[in-house]
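Given next are the chains, with one letter for each unit.
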Amino acid sequence: MNKWKTTSGAAGCAVAAVLAFVAGTNHELKTSEDGLAFMAGLEGCKSSAYQCSANVWTIGLGHTQGVKQGDTAEVPEIGQWFIDDIAAAENVVNGQVQLTTGPKFDMAVSFVMNLGAGNFRRSTYLKKLKAGELDAACNEFTRWVYVNGKDCRVDASNCKGIVKRRERERGICLNGYQ
């Protein structure tokens, strides 16, 4: 089964179309096809700029650099941003800890993509990865459920998707893709 075809689309932009663009490019990403599809599916694809739950202007598949209100993009641009953003996240991970490619590496890249390099560098998650406590590191994902000081486990915070994301990241980190 082709991993690129299994991801559903979102309003204004199809995740599968962007992943097909990425698959057709000559890139040097180490994140697996499963990892790319997982992250793209979680981010969802938007061709118009929007403010995410952290009130950051975002477009495409979670791209934030230089995005402002009113920005729009097409699949090739969104695909290139995704490649660049994943490559930057991989560089952060590789600069801090050596992980073999696979689900644990993919989820470290997902952490950086969603939470940022600074949070990754300061995290207990990274400390446990560096100590070789890989399963304990995976269990750290479910601690990262706050957005702008709001606890996303509380219904009124309106960010329950973060809790589900962290549970899925933890599961893949511990058990691989199933």
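Before any of the text, the structure's been laid out above.
Residues numbered from 1 in each chain as written. Predicted model: local features only at pLDDT ≥ 70, side-chain atom pairs only at ≥ 80, totals over all residues. Heavy atoms only, no water.

Draft legend 1. Seen up close, the packing of aromatic side chains. Summed over the entire model, instances satisfying the criterion amount to six aromatic pairs. In this structure an aromatic cluster arises from ring pairing among Phe-111, Phe-120, Tyr-125, Phe-141 and Trp-144. (Phe/Tyr/Trp six-rings, centres within 6.5 Å; stacked < 30°, edge-to-face > 60°.)

Draft legend 2. Representation of helix H3 (residues 75-96) within the structure. Taking 1.5 Å of rise per residue, 22 residues should cover 32 Å, and H3 covers 32 Å from first to last C-alpha, within 8% of that figure. Considered for burial, the residues of H3 that qualify are Ile-78, Gly-79, Trp-81, Phe-82, Ile-83, Asp-85, Ile-86, Ala-89, Glu-90, Val-92 and Val-93. Taken together, the buried residues of H3 touch helix H1 (15-23), helix H2 (33-43), strand S1 (46-51), strand S2 (57-60), helix H4 (103-115) and helix H5 (117-122). (Helix = DSSP H or I, 4+ residues; strand = E, 2+ residues; numbered from the N terminus. Expected span 1.5 Å × (residues − 1). Buried < 20%, exposed > 50% of the residue type's maximum accessible area, 1.4 Å probe, protein only. Contact = heavy atoms within 4.5 Å.)

Draft legend 3. Structural detail: the side chain of Ser-123. As for its position among the elements, Ser-123 is in the loop between H5 and helix H6 (124-130). Classification of Ser-123 by relative accessible area gives buried; the value is 2%. In this structure the side chain of Ser-123 is engaged in a polar contact, spanning 2.9 Å, whose partner is the backbone nitrogen of Leu-126. (Polar contact = N/O pair within 3.5 Å; in protein donor to acceptor, adjacent residues only side chain to side chain.)

Draft legend 4. A look at the state of the cysteines. Under the defined criterion, the tally for this structure stands at three disulfides. The disulfide that involves Cys-13 links it to Cys-45, with 1.8 Å between the sulfurs. Disulfide Cys-13-Cys-45: the torsion about the S-S bond is 50°, which places it as right-handed. Of this pair, Cys-13 sits in the segment before H1 while Cys-45 sits in the loop between H2 and S1, and the two are 32 residues apart along the sequence. Cys-13 sits in the buried class, given a relative accessible area of 8%. With a sulfur-sulfur separation of 2.1 Å, Cys-152 is cross-linked through a disulfide to Cys-159. Its S-S torsion of approximately -105° makes the covalent link between Cys-152 and Cys-159 left-handed. Residues Cys-152 and Cys-159 agree in their burial class; the two are buried. Counting only the cysteines that form disulfides, in the order they appear in the chain, gives the pairing 1-2, 3-6, 4-5. (Disulfide = S-S within 2.5 Å.)

Draft legend 5. Up close: the pattern of salt bridges. Across all of its chains, the model carries nine salt bridges by this definition. Measuring nitrogen to oxygen at the nearest pair gives 3.7 Å for the salt bridge that ties Lys-104 to Asp-135. Taken as a pair, Lys-104 in helix H4 and Asp-135 in helix H7 (residues 134-138) lie far apart in primary sequence, 31 residues in all. Close ionic contact of Arg-166 with Glu-169 constitutes a salt bridge, the shortest N to O distance being 2.9 Å. On the criterion of helical spacing, the pair formed by Arg-166 and Glu-169 is a turn pair, its members being three residues apart in helix H8 (residues 160-175). (Salt bridge = Lys/Arg side-chain N within 4 Å of Asp/Glu carboxyl O.)

Draft legend 6. Region of the structure containing the nonpolar core. Counting residues in hydrophobic clusters, the biggest one holds 44 residues, and the most contacted among them are Phe-82, Val-93 and Phe-120. Looking at this core, the elements that each hand over two or more residues are H1, H2, H3, H4, H6, H7 and H8. Setting aside residues no more than four positions away along its own chain, Phe-120 makes contact with Val-92, Val-93, Gln-96, Ala-108, Phe-111, Val-112, Tyr-125, Leu-126 and Leu-129. In this structure, Val-145, Val-147, Cys-152 and Val-163 belong to the second largest nonpolar core, which totals six residues. (Core = buried A, V, L, I, M, F, W, Y, C linked by side-chain atoms within 4.5 Å.)

Draft legend 7. Highlighting the pairing of S2. Sheet topology places S1 next to S2; three bridges connect them, and they run antiparallel. For Tyr-50, the partnering residue across the bridge sits in S2 and is Thr-58. The antiparallel hairpin formed by S1 and S2 contains five residues in its connecting segment, where Asn-55 sits at a positive phi of about 65°. (Pairing = 2+ DSSP bridges.)

Just distances and angles here, no functional claims.
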